[in-house]
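As a plain string of letters, each chain reads:
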Amino acid sequence: MRADRLVSLVLLLRRRGRMTADQLATELEVSTRTVLRDISALSTAGVPVFSDRGRYGGFSLLPGFRTELTGLNHDEALALLTAASGRGSSVLGLGAPLAAAMRKVVDALPAGHRARLDDDAGRLLIEPQNDLLARRAPGEDLADGVVDAVRSAVLEGRRLRFDYARPETPPSPRTVDPIGLVTVRGRTYLLATTHGKDRTYRLSRMTDAEALPEPAERPERVDLERIWAERAAQFLAESHVSVVVEVHPDRRDDLLGSARAVRAEEPLMDGRVRLEVTFDDLRHAVWAVWQLGTDAEAVSPETVRESLRRRADDLVDRYRS
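Throughout, residues of each chain are indexed from 1 in the direction in which the sequence is written. In view of the model being predicted, local features appear only for residues whose pLDDT reaches at least 70, and side-chain atom pairs are presented and counted only at 80 or more, with totals across whole chains, interfaces and linings using the full set of residues. To get the side-chain values, take all heavy atoms of the structure and skip hydrogens and water.

Chemist: Explanation requested: the overall build of the protein chain in the structure shown.
Modeler: Think of it this way: any DSSP run of H or I at least four residues long counts as a helix, any run of E at least two long counts as a strand, and we number them from the N terminus. The helix and strand tally for the protein chain stands at eleven helices and eleven strands. Counting over 321 residues, the protein chain shows a buried share of 36%. Accessibility throughout is a Shrake-Rupley quantity obtained with a 1.4 Å probe, and a residue counts as covered only by protein chains that appear here. As presented, the protein chain carries roughly 19,500 Å² of accessible surface, and 52% of it is formed by carbon and sulfur atoms. Residue exposure (1.4 Å probe, protein chains only): buried if accessible area is under 20% of the type maximum, exposed if over 50%, otherwise partly exposed.

Chemist: What am I meant to see in the environment of E306 here?
Modeler: By the secondary structure assignment, E306 is in helix α11 (residues 302-319). Taking relative accessible area as the criterion, E306 reaches 26% and is therefore assigned partly exposed. Along the sequence, E306 and V286 sit 20 residues apart, while their C-alpha atoms lie 9.6 Å from each other.

Chemist: When you look at the pattern of salt bridges in this model, what are you seeing that I'm missing?
Modeler: Each reported salt bridge corresponds to a side-chain nitrogen of Lys or Arg within 4 Å of a carboxyl oxygen of Asp or Glu. Per the counting criterion, the structure on display carries 26 salt bridges. Between R151 and D148 there is a salt bridge; the shortest N-O distance is 3.3 Å. One end of the pair, R151, and the other, D148, are both in helix α7 (residues 146-156), three residues apart, so they sit about a helical turn from each other. Owing to a relative accessible area of 17%, R151 belongs among the buried residues under this scheme. Taking the relative accessible area as the measure of exposure, D148 reaches 42% and is therefore partly exposed. Measuring nitrogen to oxygen at the nearest pair gives 3.5 Å for the salt bridge that ties R310 to E306. Here the residue R310 and the residue E306 both occupy positions in helix α11, the gap between them amounting to four residues, near one helical turn.

Chemist: For this particular structure, what's the right way to read the packing of aromatic side chains?
Modeler: Here a ring pair, both rings aromatic, is described through the centre-centre distance and the interplanar angle of the planes. Each pair of aromatic rings taken from Phe, Tyr and Trp, with Trp reduced to its six-membered ring, is defined by centres within 6.5 Å and is described as stacked if the planes are under 30 degrees apart, edge-to-face if over 60, and tilted in the remaining cases. The full count for this structure, using the stated rule, is four aromatic pairs. For the pair Y164 and Y201, a centre-to-centre distance of 5.0 Å together with 80° between the ring planes defines the contact as edge-to-face. Taken together, the residues span a long stretch of sequence, with Y164 in strand β3 (residues 158-164) and Y201 in strand β6 (residues 197-202) at a distance of 37 residues. One exposure class covers both Y164 and Y201, and it is buried. Taken together, the aromatic side chains of F162, Y164 and Y201 make up a single cluster linked through ring pairs.

Chemist: Honestly, α7 in this entry has me stumped. Any pointers?
Modeler: Quick reminder: α-helices carry 3.6 residues per turn. Residues three or four places apart thus point the same way. Along α7, the positions that sit buried rather than exposed are V146, V147, A149, V150, R151, A153 and V154. The inward-facing, buried residues of α7 contact β3, β4 (172-184), β5 (187-194) and β7 (206-215). Backbone geometry just downstream of α7 places G157 in the positive-phi region, at approximately 70°. Here, two residues are considered to be in contact whenever any of their heavy atoms come within 4.5 Å of each other.

Chemist: What should I look at first to understand the sheet that holds β6 in this one?
Modeler: Sheets are built from strands that pair by backbone hydrogen bonding, the pairs being arranged parallel or antiparallel. Strands pair, by our definition, only if DSSP identifies at least two bridges between them. The antiparallel open sheet is built from five strands, whose spatial order is β6-β5-β4-β3-β7. Each edge of the sheet is formed by a strand with only one pairing partner; in this case those strands are β6 and β7. The average angle at which neighbouring strand axes cross in this sheet is 45°, direction not considered. Examined bridge by bridge, β3 and β7 share six bridges and lie antiparallel to one another. When the sheet's bridge partners are listed, Y164 is paired in β7 with M206. For helices, the axis comes from a line fit to the C-alpha atoms of the stretch in contact; other axes are also lines fit to C-alpha atoms, and the angle between any two N-to-C directions lies between 0 and 180 degrees. Lying over the sheet, α7 contacts β3, β4, β5 and β7, oriented at roughly 30° with respect to β7.

Chemist: Explain the packing of helix α1 (residues 2-16) against helix α3 (residues 32-44) here, please?
Modeler: Packed helix pairs are specified by the crossing angle of their axes together with the interaxial distance, meaning the distance between the axes. Put simply, α1 and α3 touch, their axes get as near as 10 Å, and they point 85° apart. If you check the angle between α1 and α3, you find them roughly perpendicular. Side by side, α1 and α3 meet where R2, R5, L6, L9 and V10 of the first sit next to T34, V35, R37, D38, I39, A41 and L42 of the second. Residues that form the contact of α1 with α3 fall into these classes: seven nonpolar, one polar and four charged. Roughly parallel means an angle under 35 degrees; roughly antiparallel, over 145; roughly perpendicular, 65 to 115; everything else is oblique. Residues are sorted three ways: Asp, Glu, Lys and Arg are charged, Ala, Val, Leu, Ile, Met, Phe, Trp, Tyr, Cys and Pro are nonpolar, and all the rest, Gly among them, are polar.

Chemist: Just checking my understanding: could you explain α11 for this structure?
Modeler: With 18 residues, α11 ought to run about 26 Å at 1.5 Å a step, and its terminal C-alpha atoms sit 26 Å apart, in line with that. Within α11, burial applies to V304, S307 and L308. An end-on view of α11 places all buried positions within 95° of arc, on one side of the element. Its buried side turned inward, α11 meets β8 (241-247), α10 (282-290) and β11 (296-300). Here, expected helix span is obtained from the residue count minus one, scaled by 1.5 Å. Relevant arc is that of directions from the helix axis to the C-beta atoms, nothing else.

As structure tokens, this is what we get:
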């Protein structure tokens, strides 16, 4: 890990010129003391790192110290940087490694490509955090250490133990044989088996995770695309609550963010959107539609409409006086 950090430090100085120890520490996610030790190690190894004292001082490299990577043209490098600029760059905890890889790619490009790459990449933005209506893109909060533990178990082929909390229920322990990870619309799922039975878990519902020493029981090769399609079809066939909702188009994504799956969608003449979506149960469906207020109406089934009506009546009675 230190070797990778030393390479990243050199590439940062190559790309940005003079940088302070604090700036390097922030970029590399280490302490200032660690940066100073790394600078000393580089100097000992013969890398021409120079320090300038004073208010505008910092560390820099001797001009011309670099390597070149041939065979990668401007558009290829631009595609890599653009893909790394979106929210996908932080998926599965790989944001920092991806940033380090991009530094290596940019630094190794011929000078003619590097001259305009930064400006071109700055003119392309993929999946920003907010849309034009200032709504934040869907995301998920993952417990500390969960992503690293799950990713290690998946890639190293080890069994995984974790605590899993379904909506409004306390966490319960699970031990599974992990198969792979799938990220869809900002949500990450673990595909696994338990005693040979298929299981799918959302990482955001894991409160703790640990990769176990024993090997996982799973096939050597896997087709995640096929497995995901099969599990999606199975999920839609299970006995979840299916609800038809007419919703304002500005709140469509909010509804889909709460739903488990979408069965059908069609625009209406009045501008609203009619969606057939599935929820875990009646309480989940009522909660999801209630959050949208008058921007959504549950058309069917009647049990959902009746539950929403009772909740609205209770609210009116509370505030009547």
